[in-house]
Amino acid sequence: MISGSPPETIASHPQFSLKKPCILLTNDDGVNSEGLWAAYDALHEQADVVVCAPATQQSAVGRSLSIFEPLRVNTVNRGEVTAYAVGGKPTDSVILALFALGVRPDLVVSGINIGENLSYEAITTSGTVGAALEAANHGYPAIAFSLQIEDQKEKFDDARNLADRFTESKWVVRDVISRILKNGFPSFTHVINVNIPSVITGGYEITHLAEHLFVTGVEKRLDPRGKPYYWINGPIVTDAPEGTDVHAIHKGNISITPITLDCTAYAGTDDLRTLFSLTE
């Protein structure tokens, strides 16, 4: 249920003890996503969890921001839990939580996304990872969780059908976060990207990004008036080199990839220096 009253700041909210670590929980599938609430179930016993997420589905918006529209925040009650629904994107949700609602989290968690977020292309287009990157940009360590789906239409079906897989996913979320809270965030890392296979047959694997997740294609169709329109689509890549996140998932391992905000291609700097030292 959404109320029309302005949300109060977190500092005065009665549901938080301020004795446990504080976790800001967000996603890109929307505040009503079963994946988001599966993550909440996994986390609320070990932390005070503030839920602030987009009001609607915002997949594949990456790290885009709403800078030409006003943003509204409404409160949403799920049982006894009050969450915050932002009329914007995942990054907007993170920014409003930090700078409007006064959340000061020890850790930011984004997910559980319904659908894997693997490879170069998913990292730059995923709203789930985008929210985590935004948090990291403001100095907060962040972890993104995504669950592999076997059929892409499952992302837009009733996610309650994935209840059995959420049981395993919740265990992964709980275990990963407990390790981080106990031992600290890894050095030289801004975001940890965790991908959970649809069926876990192995353990954790520390990975690097594969090049592709999808084989990109475009399907042309005709509307009732005979005018063309297009769907960007294409099958998922089924394998990649050993050590990559795509390969790990297809082996049944839980892929854990360290991500940095610094996109500088340091290996290319010498070539650039040579190129721009040349005289015409």
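Coordinates for the structure precede this section.
Residues numbered from 1 in each chain as written. Predicted model: local features only at pLDDT ≥ 70, side-chain atom pairs only at ≥ 80, totals over all residues. Heavy atoms only, no water.

Explanation requested: the pattern of salt bridges in the structure shown.
A side chain with one charge can pair with a side chain of the opposite charge if their charged atoms come near. The tally for this structure, following the rule as stated, stands at 8 salt bridges. For Lys251, the salt bridge is made with Glu205, and the minimal N-O distance between the two is 3.4 Å. Taken together, the residues Lys251 in the loop between α6 (245–250) and β12 (254–259) and Glu205 in strand β9 (residues 204–206) connect sequence positions 46 residues apart. What makes Lys251 partly exposed here is its relative accessible area of 35%. (Salt bridge = Lys/Arg side-chain N within 4 Å of Asp/Glu carboxyl O. Helix = DSSP H or I, 4+ residues; strand = E, 2+ residues; numbered from the N terminus. Buried < 20%, exposed > 50% of the residue type's maximum accessible area, 1.4 Å probe, protein only.)

I'm lost on the packing of helix α2 (residues 90–99) against helix α4 (residues 127–137) in this one. Help?
Geometry of a packed helix pair, given as the angle between the helix axes and the separation of the axes. α4 packs onto α2 with a crossing angle of 30° between their chain directions and a minimal axis gap of 8 Å. By the criterion of interaxial angle, the relationship of α2 to α4 is roughly parallel. Seen from above, α2 lies across α4 with right-handed handedness. Two secondary-structure elements touch here, α2 through Pro90, Thr91, Val94 and Ile95 and α4 through Gly127, Gly130, Ala131, Glu134 and Ala135. Each residue belonging to the contact of α2 with α4 can be placed in one class, and the counts come to 5 nonpolar, 3 polar and 1 charged. (Axes fitted to C-alpha atoms, helices over the stretch in contact; angles between N-to-C directions. Parallel < 35°, antiparallel > 145°, perpendicular 65-115°, else oblique. Left-handed = near helix turned anticlockwise from the far one by under 90°. Contact = heavy atoms within 4.5 Å. Nonpolar A, V, L, I, M, F, W, Y, C, P; charged D, E, K, R; others polar.)

How should the environment of Pro105 be read in this particular structure?
Summarising the element assignment, Pro105 is placed in the loop between α2 and β6 (107–114). Taking the relative accessible area as the measure of exposure, Pro105 reaches 7% and is therefore buried. It is 9.5 Å that separates the C-alpha atoms of Pro105 and Leu25, two residues lying 80 residues apart in sequence. Among all residues touching Pro105, those that are not within four sequence positions of it are Cys22, Ile23, Leu24, Leu98 and Tyr140.

Help me understand helix α1 (residues 34–43), please; the structure alone is not making it clear to me.
Along an α-helix, a turn takes 3.6 residues, which lines up residues three or four apart on a common side. A large share of α1 lies buried, amounting to 8 of its 10 residues. Where α1 is concerned, the buried positions are Gly35, Leu36, Trp37, Ala38, Ala39, Tyr40, Ala42 and Leu43. Between a side-chain oxygen at the N-terminus of α1 and the backbone nitrogen of Gly35 the separation is 3.1 Å; the capping residue is Ser33. (Polar contact = N/O pair within 3.5 Å; in protein donor to acceptor, adjacent residues only side chain to side chain.)

Just checking my understanding: could you explain the environment of Ala60 for this structure?
Locating Ala60 in the fold gives a position in the loop between β3 (48–54) and β4 (73–78). Residues Ala60 and Asp28 lie 32 residues apart in sequence; the distance between their C-alpha atoms is 8.1 Å. Filtering out sequence-adjacent residues up to four positions away, Ala60 remains in contact with Asp28, Thr125 and Gly127.

Got a minute to help me understand the nonpolar core in this structure?
General note: in soluble globular proteins, nonpolar side chains tend to be found buried as a group. Among the nonpolar cores identified, the biggest contains 38 residues, and Leu25, Val51, Ile112, Ile143, Phe145, Ile177 and Val194 are the most heavily contacted of them. In terms of residues, this core owes the most to one element, α1, which gives 7 residues. Those residues in contact with Ile112 that sit more than four places away from it in its chain are Asp29, Gly35, Leu36, Ala38, Ala39, Phe145, Ser146, Leu147, Phe166, Ser169 and Val173. (Core = buried A, V, L, I, M, F, W, Y, C linked by side-chain atoms within 4.5 Å.)

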